[in-house]
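Analysis of the macromolecular model
Here's the letter readout for the chains.
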Amino acid sequence: MNKEQTIKELKNIVKPYIQNQEAFDALTEDTDFINDLKINSANLVDIILDIEEKYDIVIDNEAMERMVNVKSALEIIETKLSEKNQ
Amino acid sequence: MIGNDIVDLALARKESNWKRNRFLDKIFTVKEQLLIADNENPEIMIWNLWSRKEAAYKIYNRETGIRGYFPLQLECSYENEISGSVSIKGNTYFTKTIISNAFVHTIAVVKKENFDAIKKINSNETVSKANGIPFIIDKQTKIIKPVSISHHGRFWEGITLID
């Protein structure tokens, strides 16, 4: 998995839900979905569903718990993709 | 400790498509989904239960320092449209919900008697944050008071507890 590429894809996924353009433009691994991008918590579920659909993975409750920033999202995508390809 | 959450129904309609496949499965327990399905107005029930979970999460987060996205662990016990409680890992928080045509607003408290001590704060009050927890300084007593603030679309609600 190419991290740069995944960050790019993730940016496309979160884009419709962000409410802070500046933080979005400056997005890094440390960017927080709620505190920085000001994404509504009810829209986090949309992001999770969008990620599941994009990568054809299932984000279980345990993974969902950690889904609050870019870093965790990348880790979860990577883990679930490698599980899928085993 | 207190928590509150407001949902602007017009904005929620625009922002969220709850009919989306698996949307409800990710955030509501089977029991909660039955309440939604059985209600004549499922949309209002969704935001009613959701605002309860969010308001309770604010207390849980502040009490335990635990942060995350675990709506299924915050289980609603629904008494009626107004009253109920939310439980998570042995903690129970009591909720009171106000529903209008335009919004759903829930206040969560640790003890039921706290409902009588809720005071609204104005949006022009200076709210600061310490360790992520918002507070105001009482003008007369100079005492630091934790507050809970919720903002969605057209609505802003801030609350604190009277001593």
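Structural data are supplied above this passage.
Every chain is numbered on its own, with residues counted from 1 as its sequence reads. For this description, chains carry letters from A and ligands carry numbers from 1, given in the order in which they are written. Local features in this predicted model are restricted to residues whose pLDDT is 70 or higher, and side-chain atom pairs enter the listing and the counts only when it is 80 or higher, whereas totals over whole chains, interfaces and linings include all residues.

1. A look at the pairing of strand β2 (residues 75-78) of chain B
Sheet faces and side chains relate simply in a regular strand, where the side chains alternate between the two faces. Residues and elements named next belong to chain B. Our working rule: Criterion used throughout: strands pair if DSSP finds at least two bridges between them. Runs of H or I in DSSP of at least four residues are treated as helices and runs of E of at least two as strands, each being numbered from the N terminus.
Bridge count between β2 and strand β3 (residues 83-88): 4 bridges; the pairing is antiparallel. Paired with Tyr-78 across the bridge in β3 is Gly-84. Counting the residues in the hairpin turn of β2 and β3 gives 4 residues.

2. Considering unusual backbone geometry
All names here are of chain B. Going by this rule: Residues with at least 20 other C-beta atoms within 10 Å of their own are called buried, those with 12 or fewer are called exposed, and the rest are partly exposed. The C-beta atoms themselves are positioned from the backbone.
Phi angles above zero are rare outside glycine, and Arg-22 is one such case at about 70 degrees. A positive phi angle, close to 45 degrees, is found at Lys-89, a residue other than glycine. C-beta crowding within 10 Å serves as the criterion here: with 10 such atoms nearby, Lys-89 is assigned to the exposed category.

3. Observations concerning the environment of B:Ile27
As a reminder, the rule being used: Two residues qualify as a contact pair if the distance between their C-beta atoms, derived from the backbone, is within 7 Å.
Position of B:Ile27 relative to the elements: it lies in helix α2 (residues 23-27). Note on B:Ile27: 25 C-beta atoms within 10 Å, which makes it buried. Put simply, B:Ile27 and B:Leu72 are 45 residues apart on the chain and 5.3 Å apart in space, counted from C-alpha to C-alpha. Beyond its immediate stretch of four places on either side in the chain, B:Ile27 contacts A:Val45, B:Pro71 and B:Leu72.

4. Considering the pairing of β3(B)
Residues and elements named next belong to chain B. Pairing geometry for β3 and strand β4 (residues 91-99), over 6 bridges, is antiparallel. Residue pairing in the sheet places Gly-84 in a bridge with Thr-95 of β4. Between β3 and β4, which pair antiparallel one after the other, the connecting turn spans 2 residues, and Lys-89 there sits at a positive phi close to 45 degrees.

5. Section: the interface of chain B and chain A
What counts is decided by this rule: Think of it as three bins: nonpolar holds Ala, Val, Leu, Ile, Met, Phe, Trp, Tyr, Cys and Pro, charged holds Asp, Glu, Lys and Arg, and polar takes everything else, Gly as well.
Contacts between the two partners involve 14 residues from chain B and, on the opposite side, 14 residues from chain A. Listed by contribution, the elements that provide at least two residues to the side of chain B that touches chain A are α2 and α4 (42-64) of chain B. Ranked by residues supplied to the side of chain B that touches chain A, first place goes to α2(B) with 3 residues. Partitioning the side of chain B that touches chain A into residue classes produces 6 nonpolar, 2 polar and 6 charged.

6. So, helix α5 (residues 70-84) of chain A
Residue and element names in this part refer to chain A. The cut-off we apply is this: The span you would expect from a helix comes to 1.5 Å times its residue count less one. The arc in question is traced by the directions running from the helix axis to the C-beta atoms.
Here α5 is 15 residues long and its end C-alpha atoms lie 21 Å apart, about the 21 Å a rise of 1.5 Å per residue gives. For α5, the full list of buried residues reads Val-70, Ala-73, Ile-76 and Ile-77. Seen along its axis, α5 keeps its buried residues to an arc of 125 degrees; they face one direction. What points out from α5, more than 90 degrees from its buried face, is the exposed set Thr-79, Ser-82 and Glu-83. Along its buried surface, α5 packs onto α1 (3-14), α3 (41-55) and α4 (61-65).

7. Some remarks on the environment of B:Thr95
Residues and elements named next belong to chain B. One can find Thr-95 in strand β4. Looking at Thr-95, the number of C-beta atoms within 10 Å reads 28, which means it is buried. The spacing of Thr-95 and Lys-53 is 42 residues in sequence and 9.2 Å in space, taken between C-alpha atoms. In this structure Thr-95 touches Arg-52, Ala-55, Ala-56, Gly-84, Ser-85, Val-86, Thr-106, Ile-107 and Ala-108, once residues within four positions along its chain are discounted.

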